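Residues per chain are reported as follows:
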Amino acid sequence: MTTRSKPISVAVIGAGMAGRSHAAGYRNVNTVFGAGLPPVRLAAIADANVELGEDAARRYGYEKALPSWEAVVEDPTIDAVSIVVGNALHRPIAEALVAAGKHVLCEKPLAGSLEDARAMAELELGADVVTAVGYTFRRSPGIAGIRDHVLHGELGDLTLFGGRYWCDYATDPNGPLSWRFKGGAGSGALGDVGSHIIDAAEYVAGPIVSVSGAFLSTQIPKRPLPLGAVVGHNGAPVSDEFGEVENEDTATFTARFESGLVGTFSVTRTGFGLPNGLAFDVLGVGGRAAFDQHRPAEYLFDEAQPEARTRGARQIIVGPQLPYFAGGVPMEAPGVGASNADNFTYQARAFLDQVAGVAEPLPACATFADALRTMEIIRAVVDSSRNGGALTPVPPTSA
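The present account deals with the structure reproduced in this document.

What counts, and at which threshold
Residues numbered from 1 in each chain as written. Predicted model: local features only at pLDDT ≥ 70, side-chain atom pairs only at ≥ 80, totals over all residues. Heavy atoms only, no water. Helix = DSSP H or I, 4+ residues; strand = E, 2+ residues; numbered from the N terminus. Rg over C-alpha atoms; globule rule 2.2 N^0.38 Å. Buried < 20%, exposed > 50% of the residue type's maximum accessible area, 1.4 Å probe, protein only. Contact = heavy atoms within 4.5 Å. Areas by Shrake-Rupley, 256 points an atom, 1.4 Å probe, with all protein chains shown as cover. Lys, Arg positive; Asp, Glu negative; His and termini not counted. Charge placed at Lys NZ, Arg CZ, Asp CG, Glu CD. Pairing = 2+ DSSP bridges. Phe/Tyr/Trp six-rings, centres within 6.5 Å; stacked < 30°, edge-to-face > 60°. Lys NZ or Arg CZ within 6 Å of the ring centre and 35° of its normal. Salt bridge = Lys/Arg side-chain N within 4 Å of Asp/Glu carboxyl O.

**Describing the overall build of the chain**
Then, number 1: What the chain contains, in helices and strands, is nine helices and 17 strands.
Then, number 2: Its C-alpha atoms give the chain a radius of gyration of 21 Å, near enough to 21 Å, the size a compact globule of 399 residues would have.
Then, number 3: With the C-alpha coordinates aligned to their principal axes, the bounding extent of the chain is approximately 65 × 55 × 40 Å.
Then, number 4: Taking all 399 residues of the chain together, 53% fall into the buried category.
Then, number 5: Intrachain contacts of the chain at a sequence separation of at least 6 include 71% that bridge at least 24 residues.
Then, number 6: Split by element, the accessible area of the chain, about 16700 Å² in all, is 53% carbon and sulfur.
Then, number 7: Positive and negative side-chain charges of the chain, numbering 31 and 44 respectively, have mean locations separated by a distance of 2 Å.

**Here we look at the pairing of strand β11 (residues 250-257)**
Then, number 1: As paired strands, strand β8 (residues 208-217) and β11 are joined by seven bridges and run antiparallel to one another. Each bridged residue has a counterpart across the sheet, and for S210 the counterpart in β11 is R256.
Then, number 2: Pairing between β11 and strand β12 (residues 262-268): seven bridges, direction antiparallel. Bridge assignment links T250 to a residue of β12, and that residue is T268.
Then, number 3: Connecting β11 to the next strand, β12, in antiparallel fashion are four residues, including G260 with a positive phi near 100°.

**Side note on the packing of aromatic side chains**
Then, number 1: Considering all chains together, one arrives at eight aromatic pairs under this definition.
Then, number 2: When the ring of F161 is compared with that of F257, the centres are 6.1 Å apart and the planes differ by 55°; the resulting orientation is tilted. Note that F161 is positioned in strand β7 (residues 158-166) and F257 in strand β11, a separation of 96 residues in sequence.
Then, number 3: Take F161: its relative accessible area is 0%, and that puts it in the buried class.
Then, number 4: An aromatic cluster of at least three residues, connected via ring pairs, comprises F161, F253, F257, F265, F280 and F291.
Then, number 5: Directly above the aromatic system of Y203 lies the positively charged group of R147, at a separation of 4.3 Å from the ring centroid.
Then, number 6: It is R164 that lies over the ring of W166; its NZ or CZ is 5.5 Å from the centre.

**So, the pattern of salt bridges**
Then, number 1: Scanning all chains against the criterion turns up 22 salt bridges.
Then, number 2: Here D192 makes a salt bridge to K108, at a shortest N to O gap of 3.4 Å. Here the residue D192 occupies a position in helix α7 (residues 189-205), and K108 occupies one in the loop between β5 (103-107) and α5 (114-125), the gap between them amounting to 84 residues. For the pair D192 and K108, a shared accessibility class is recorded, and that class is buried.
Then, number 3: Between E307 and R309 there is a salt bridge, with the nearest N and O atoms lying 2.7 Å from each other.
Then, number 4: Among the residues examined, E307 registers a relative accessible area of 40% and is labelled partly exposed.
Then, number 5: Among the residues examined, R309 registers a relative accessible area of 68% and is labelled exposed.

Put into structure tokens, the structure is as follows:
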């Protein structure tokens, strides 16, 4: 791919919580890292909820709001698009965008079903455009820093990975029955937040080859039907009628990594008091590290010290010594913080670096094939749960 100099025109399909994060990310891409990325034209935000789309376009400086994703496909001036809508819509939108010659950044999970995900991975193979998936936690300086410790052997041979993503957005039984509660087993907490911790685990510790001991459960089996649109995890007016929740609120499982490492995982959307609780510990014979998204500007690190009296976990403050921080924040000094919004900016910059073919790009985004792999792992977890926790292999990375 050759470097381009003309502006890149971007659009976001979906004006909800994550859609606005993508929109803000594109707005900030030329404020971070080095020169080389062309100017970015903030072309449009599309949403069937026109009022919501217009509000997002105003807030983030986009030229216009469009009433449908089809309008984005039909606009020949738009080059690159984020898909940030219900999972079941990802495949048809991606297929139409790629056919129109537009670059695509799709939110996770890749699709509403494994079959759709496989079709999207096949689409990627023949695409003459950049196709990418939004695993934003790969852009966390703390998580990237822990990955570097692992890659450089500073923890020694790994012995255990303990990962969790505990959230509380579904604890209220009177919360509306939105699309997040529709779909089969694996499309609930596993697909929504589990996809992130599974990807983070493989990003840090390598491929997962099998799962076992899986158990899925639903704490709130029925929810009231909404009277109008539901945005993100927000509440909404509801009726007196209730509908069935079709997927899991909570899931747990054990995984075996290609290296022989064992991992334990738990995810939930009914974890009281935990708004965004992605966290993990990675242990080795020579050290350990731990990360908690509720404290994103730090991580814990421990290794053998010359004297036992000095040993213990050290708080590593995110700063210019870690990936993404240097050049990625206005005040390049340790202790000024890090946020999920920064991760979206770095992700958008990495995506557009790929689109523009810049000389020194950020590490590339995850691909459709990467996200298909996550969904294959989720399917294996579901199959394990259906078979009493049986050991279930995951297709190899080459599949």
